[in-house]
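Chain and residue survey
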Amino acid sequence: MDNQTEVRKFILLGLTSLQGLQKFLFMLFLLLYLSTLLGNMAIMIVVACEPRLHTPMYFFLSNLSCLDIFYSTVTVPKMLAGFLSGHQGISYTGCLSQLHFFHFLGSSDGLLLAVMAYDRFVAICNPLRYTLIMRPRACLLLAVGTWTTGFLHALMHTVMTSRLHFCGPNHIQHYFCDIKPLVRLACSSSQLNLNLLNIITGSLAIGPFVFTLLSYLYIFSFLRLKVQSKEGRRKAFSTCISHLTVVALFYVPVIFNYVPPSSGNSARWTMIATVMYTVVTPVLNPLIYTLRNVEVKCALKRRLFSTEYLAQKMFCLAACVG
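Residues numbered from 1 in each chain as written. Predicted model: local features only at pLDDT ≥ 70, side-chain atom pairs only at ≥ 80, totals over all residues. Heavy atoms only, no water.

Going by the annotation in an unreviewed UniProt entry, the name recorded for the chain is Olfactory receptor, with Apteryx mantelli given as the source organism.

Within the chain, the secondary structure is distributed over 11 helices and 3 strands. Within the span of the chain, comprising 322 residues, buried residues form 49% of the whole. Counting only contacts in the chain whose residues sit at least 6 apart along the sequence, the fraction spanning at least 24 positions is 79%. For the chain, the accessible area works out to roughly 16300 Å², and carbon and sulfur atoms hold 69% of it. (Helix = DSSP H or I, 4+ residues; strand = E, 2+ residues; numbered from the N terminus. Buried < 20%, exposed > 50% of the residue type's maximum accessible area, 1.4 Å probe, protein only. Contact = heavy atoms within 4.5 Å. Areas by Shrake-Rupley, 256 points an atom, 1.4 Å probe, with all protein chains shown as cover.)

Turning to the UniProt feature "transmembrane region" (unreviewed entry) in the chain, a few remarks are in order. Summarizing the sequence annotation, UniProt attributes the feature "transmembrane region" (unreviewed entry) to residues 24-47, 59-80, 100-118, 138-156, 199-219, 240-259 and 271-291 in the numbering used throughout. Taken end to end, residues 100-118 has its terminal C-alpha atoms 27 Å apart, with 100% of it in helix and 0% in strand. The distance from the first to the last C-alpha atom of residues 240-259 is 26 Å, and the span holds 95% helix and 0% strand. (UniProt positions renumbered as here; feature names shortened; annotations may be inferred.)

Spatially, 3 strands are ordered β2-β1-β3 in an open sheet, and the strand pairing comes out mixed. Looking at which strands have only one partner, the edges of the open sheet turn out to be β2 (88-91) and β3 (171-172). Sheet topology note: the strand β1 (residues 9-12)/β2 ladder contains 4 bridges and is antiparallel. Across the sheet, residue F10 finds its bridge partner in β2, namely I90. The strands that helix α3 (residues 92-125) touches are β1, β2 and β3; relative to β2, the one it contacts most, it runs at about 90 degrees. (Pairing = 2+ DSSP bridges. Axes fitted to C-alpha atoms, helices over the stretch in contact; angles between N-to-C directions.)

Right, let's get into the environment of L28. Within the secondary structure, L28 sits in helix α1 (residues 19-49). Residue L28 is classed as partly exposed on the basis of its relative accessible area of 32%. Spatially, the C-alpha atoms of L28 and L80 are 9.8 Å apart, while their sequence positions differ by 52 residues.

A surface patch of nonpolar side chains, amounting to about 370 Å² of accessible area, comprises L18, L21, F24 and L28. Mapped onto the elements, L18 comes out in the loop between β1 and α1. With a relative accessible area of 54%, L18 lands in the exposed category. (Patch = residues over 30% accessible without salt bridge, like charges linked within 9 Å, V, L, I, M, F, W, Y side chains within 5 Å. Salt bridge = Lys/Arg side-chain N within 4 Å of Asp/Glu carboxyl O.)

The terminal C-alpha atoms of helix α7 (residues 191-226) lie 51 Å apart, and with 36 residues this matches the ideal 52 Å at 1.5 Å per residue to within 8%. The sharpest bend along α7 reaches about 30 degrees and sits at G202. (Expected span 1.5 Å × (residues − 1). Bend = angle between axes of the 7 residues up to and from the residue.)

Turning our attention to the packing of aromatic side chains. For any pair of aromatic rings, the description consists of the separation of the ring centres together with the inter-plane angle of the planes. Here the structure, examined in full by the defined rule, presents 17 aromatic pairs. Measuring from centroid to centroid gives 5.4 Å for F10 and F166, while their planes differ by 90 degrees, and the two rings are edge-to-face. Placement of F10 in strand β1 and of F166 in the loop between α5 (136-162) and β3 is noted, with a sequence separation of 156 residues between them. The exposure class assigned to F10 is buried, which follows from its relative accessible area of 0%. Given a relative accessible area of 1%, F166 falls into the buried group. (Phe/Tyr/Trp six-rings, centres within 6.5 Å; stacked < 30°, edge-to-face > 60°.)

This part is about the confidence of the model for the chain. In the predicted model, the chain carries a mean pLDDT of 83, and the fraction of residues at 70 or more is 86%. The lowest-confidence element of the chain is helix α11 (residues 307-321), averaging 51 in pLDDT; the highest-confidence one is α5, averaging 95. (pLDDT = per-residue confidence, 0-100.)

Counting 72 residues, the largest nonpolar core has F10, F29 and F166 as its most contacted members. Tallying contributions element by element places α3 first for this core, with 14 residues. Residues F222, L223, A236 and C240 belong to the second largest nonpolar core, which totals 9 residues. (Core = buried A, V, L, I, M, F, W, Y, C linked by side-chain atoms within 4.5 Å.)

This is the structure:
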């Protein structure tokens, strides 16, 4: 290894090399990215400003929106730059940083979906003890736990990847630095990295996914057997279906990418699956949760589209400027 040149820069080949298609994809993904930012920021602002939404469910929803904003920002701006300039270069340090934050925010996102499933399970199946179980301190600990677990999971992969030697080639078959396409370029053995990816990351994907499915199976059984009110049953089903839609859009492509066999998926299908949970899911989350949620829709109308509220904000802004 002493006589080999260490790679200090990688080239991201991106989604496609077709010039005509790159311009169209740039406009499409730019629109999706801006929608992600605006939609998730709107949810965070409304949840923070609306006292009636200061509940565990919306606390976790605002955390999910925050994660989605950062999660998309890790990969999409670099992808957009690649559409404009062709193949996009990234430094070795920048590649490891992107890998770390991608897995940090992605694993936190997956764990948070399982926490939200637990919140719905307690709220629907044990409503009398809901305020006791999901008290503010417990909710804060659950949120901190998801972020911390995601950070430690990503740190493990970052450290292990940094121990690999890269001596060429330096072209990554992806639009960002992910573990599998990166370790394929390593000159040293990467079997341990792939084993950790399959075992640890696979467990972090399958475990919360199974827990979420079991939670909702129990919820649906409970609603069918114990809840007599059609209106109460309809409202509970609406909330659960919204959450399950997000779960399916996120977990299915993640499991497709990170559960063994390690090299069983082609680079093109891997990128398509990754687009689903890095671009599509973050932009759909605000739509899914607001279009099927009367409380959020009403709060959005009051806080963001009320002429009285906008006039008040304009007056405050003018006073500050003055």
